[in-house]
Amino acid sequence: MSNEQQPRLYYPSEEMVKNAAVSGMDAYRALCKEAEDDYEGYWARQARELVEWKKPFTQVLDESNAPFFKWFADGQLNVSYNCLDRNVNNGLGDKVALIFEADNGEVTRVTYKDLLARVCKFSNALRDMGVKKGDRVVIYLPMSIEGVVAMQACARIGATHSIVFGGFSAQALRDRINDAGAVALITSDGQFRGGKALPLKPIADEALGMGGCESIKNVVVVQRTGGACTMVEGRDKWFHEVCASQAETCEPEWVDAEHPLFLLYTSGSTGKPKGVQHSTGGYLLHAILTMKYTFDIKPNDVFWCTADIGWVTGHTYITYGPLACGATEIVFEGVPTYPDAGRFWKMIQDHKVNIFYTAPTAIRSLIKAAENTPTVHPKNYNLSSLRILGSVGEPINPAAWEWYHENVGGGRCPIVDTFWQTETGGHMITPLPGATPLVPGSCTLPFPGIIAAVVDETGTEVPNGQGGILVVKRPWPSMIRTIWGDPERFKKSYYPDDFKGQLYLAGDGAIRDKETGYFTITGRIDDVLNVSGHRMGTMEIESALVAHEKVAEAAVVGRPDDLTGEAIVAFVVLKGARPTGEDAKAMIKDLQNWVGHEIGPIAKPKDIRFGENLPKTRSGKIMRRLLRQLAKGEEITQDTSTLENPAILDQLKQPAG
Ligand code: WT7
């Protein structure tokens, strides 16, 4: 290979290496070796050093009921105790835990002592309502202090929370409440985004009225916008009222390490989202360990993860990880483009953020904004406080990486491109800032203690330089424990028979570099799309489309998109005639709104095409590979001889209207 073809490596500065928790590649390799030589010993050491246990564990990994693995099973602890009481007891009571910046710019600081008091009050309120250990509580809240408080309060009393992202529809909320059998729902009257007050409780009311939510006995409503809100007598209560008279102390519920801390629903390759179940002990351990190694968190750092608490990133790197490390973090209610697209940079400047963690899709949209409006370019802001940058949710294209590195990180901040999933609880493959030489677009090497590999269909490792299927060879502490209510689906999805039930299947393709062994993620290998870092099952969108009274059949595929990574393209057959012109345009709007209402705005197809039929084989199977080519606007190069109805391709070539 000539020099030009070698990607440029970005090495950490000497200072970064010197001060980092994992200092240099030798230190990284030593940790990996420690884990290879004594896997359980490595994780047990970390768990003893980083987590405060009420009852220390004596067992480490229990593989007796594989793939339902257990970690630290005879240990007992409480996550909220580890995040709050522990810090207060260690003299951090007056330290700021959360800096909440509202959509309108208003800033509220909450100290560890205050946060503990707020969490205790709400914990007591939940207990008064009869919520107890093991009950499921659905949280449907915008980014807010109360969102973090509600999650921590559930953890404190041993209730299992299940957050539903505030952008999801009534139907999605209803399905998740129903699947989890939740006893309580925590929501708010509304939320502020981009200067507008949007309703939330009315959507919750719609969900509760659909039938199937009878398990909900209490609805707690945070007052945020002051918007109209119908309160059902006996069931609905205001958050501030239920907390008002409660004590500021609350004995935590000590739970077993395997106790389910939370469920989080995510898309799979079938129409029904999966309730990913996480543990208490193993999950907390990895949240802390990754804060320490990947983000190199230091006592005086201000940490900002821009994710929403509705996604796993917000769980691990807002509600749990930073607090368990006694850090100061930002919780941001608004959007990156309001009042202008310099909002992120201004907030980094104002709060002197040291570690900034965001998604490629946000970076790409801010690049575009900075190109169009020079005043919102990051160079107009003082970003010198930044030490480490992070990226998550989708592959980051090298051009966006370079821009982020240069213009946000001033060329001096390592970018940790963290590959992980809802199911993995925390980072799996990621650079460590004071060790790993960086290659733009590569998530580099496995986190110490994570044994990842690229294999073929038989589960055999492929040589570096050859693409394949990403797997994890050993169970790890923060991994998914099961799919709520569906252990068979858990086995089938993640420990398939193809790999003799021995390898965790991530669902992504990957390739390792010939020289460095670095991993690059090549995208999902199942029918799951990644739109702006959000995971969407194509079948979920198809189900939503065919639920429309005028739709006979629908097939959904992804297409690469400069801004959102992937864009949703839907091929639709209507019950009546194939619409054209203005009719088609109106129908597209109608269907987009319909999907937005059925699932949520993030699921709206960007492009909808109408055909009298879909391209099918003679046995009636939809030829999705053809649809993917059509969606990209490519000429059909593949063999179409098995196609029943080749004429249909012309109809589907162009966007309708
Ligand atoms: C899927 C998981 C991880 C929290 C947010 C998303 C993709 C995630 C990266 C990355 C390339 C990535 C994968 C993965 N993904 N991070 N750094 N590089 N791809 O969690 O919704 O469970 O989605 O996101 O395809 O499987 P999620």
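Not measured: the values here are computed from a predicted model. (Residues numbered from 1 in each chain as written. Predicted model: local features only at pLDDT ≥ 70, side-chain atom pairs only at ≥ 80, totals over all residues. Heavy atoms only, no water.)

**Here we look at the side chain of Ser-391**
Inspection of the secondary structure assignment puts Ser-391 in strand S19 (residues 388–392). Overall, Ser-391 belongs to the buried group, its relative accessible area being 0%. Here Ser-391 is in contact with Tyr-357, Thr-358, Pro-360, Ile-396, Ile-415, Val-416, Asp-417 and Thr-418, once residues within four sequence places are set aside. (Helix = DSSP H or I, 4+ residues; strand = E, 2+ residues; numbered from the N terminus. Buried < 20%, exposed > 50% of the residue type's maximum accessible area, 1.4 Å probe, protein only. Contact = heavy atoms within 4.5 Å.)

**A look at the packing of aromatic side chains**
The full count for this structure, using the stated rule, is 36 aromatic pairs. Centre to centre, the rings of Trp-304 and Phe-332 are 5.9 Å apart; their planes meet at 85°, and the pair counts as edge-to-face. Here Phe-332 lies in strand S17 (residues 328–332) and Trp-304 lies in strand S16 (residues 302–305), a separation of 28 residues in the sequence. As far as burial versus exposure is concerned, Trp-304 and Phe-332 are alike and both buried. Directly above the aromatic system of Tyr-10 lies the positively charged group of Arg-8, at a separation of 4.1 Å from the ring centroid. (Phe/Tyr/Trp six-rings, centres within 6.5 Å; stacked < 30°, edge-to-face > 60°. Lys NZ or Arg CZ within 6 Å of the ring centre and 35° of its normal.)

**Observations concerning the sheet that holds strand S20 (residues 415–418)**
The mixed open sheet is built from 7 strands, whose spatial order is S5-S4-S17-S16-S18-S19-S20. Strands at the two margins of the open sheet, each flanked by one partner only, are strand S5 (107–111) and S20. Ignoring strand direction, the axes of neighbouring strands in this sheet form an average angle of 20°. Bridge analysis of S19 against S20 gives 4 bridges, and the strand direction is parallel. Note that in S20 the partner of Val-392 across the bridge is Thr-418. Running at roughly 85° to S5, helix H5 (residues 112–128) makes contact with strand S4 (96–101) and S5 of the sheet. (Pairing = 2+ DSSP bridges. Axes fitted to C-alpha atoms, helices over the stretch in contact; angles between N-to-C directions.)

**Remarks on the environment of Arg-8**
Among the structural elements, Arg-8 can be located in the segment before helix H1 (14–19). C-alpha of Arg-8 to C-alpha of Arg-45: the two residues are 37 residues apart in sequence and 36 Å apart in space. Non-local contacts of Arg-8, meaning those with residues more than four positions away in its chain, are made with Leu-438, Val-439 and Pro-440.

**Looking at the pattern of salt bridges**
One side chain can pair with another of opposite charge once the charged atoms of both are near each other. Under the criterion given, the structure shown has 36 salt bridges. A salt bridge links Lys-33 to Asp-37; its shortest N-O distance comes to 2.6 Å. Here Lys-33 and its partner Asp-37 are both found in helix H2 (residues 24–37), 4 residues apart, which amounts to about one turn of the helix. With a relative accessible area of 54%, Asp-37 lands in the exposed category. (Salt bridge = Lys/Arg side-chain N within 4 Å of Asp/Glu carboxyl O.)

**Quick look at the UniProt feature "domain: AMP-binding enzyme C-terminal" (unreviewed entry) in the protein**
Using the residue numbers shown here, the UniProt feature "domain: AMP-binding enzyme C-terminal" (unreviewed entry) corresponds to residues 540–621. Structurally, residues 540–621 is divided into 30% helix and 30% strand, and its ends, taken at the C-alpha atoms, are 18 Å apart. (UniProt positions renumbered as here; feature names shortened; annotations may be inferred.)

**With respect to helix H17 (residues 581–598)**
Helical geometry: 3.6 residues make up each α-helical turn, so side chains three or four residues apart lie on a common side. The terminal C-alpha atoms of H17, which comprises 18 residues, lie 26 Å apart, in line with the 26 Å expected from a rise of 1.5 Å per residue. Burial in H17 covers these residues: Ala-584, Met-587, Ile-588, Leu-591, Gln-592, Val-595, Gly-596 and Glu-598. Packed against the buried residues of H17 are helix H7 (170–180), helix H16 (538–546), strand S28 (551–561), strand S29 (565–574) and strand S30 (607–610). Of the residues flanking the end of H17, it is Gly-600, one or two places downstream, whose phi is positive at about 155°. (Expected span 1.5 Å × (residues − 1).)

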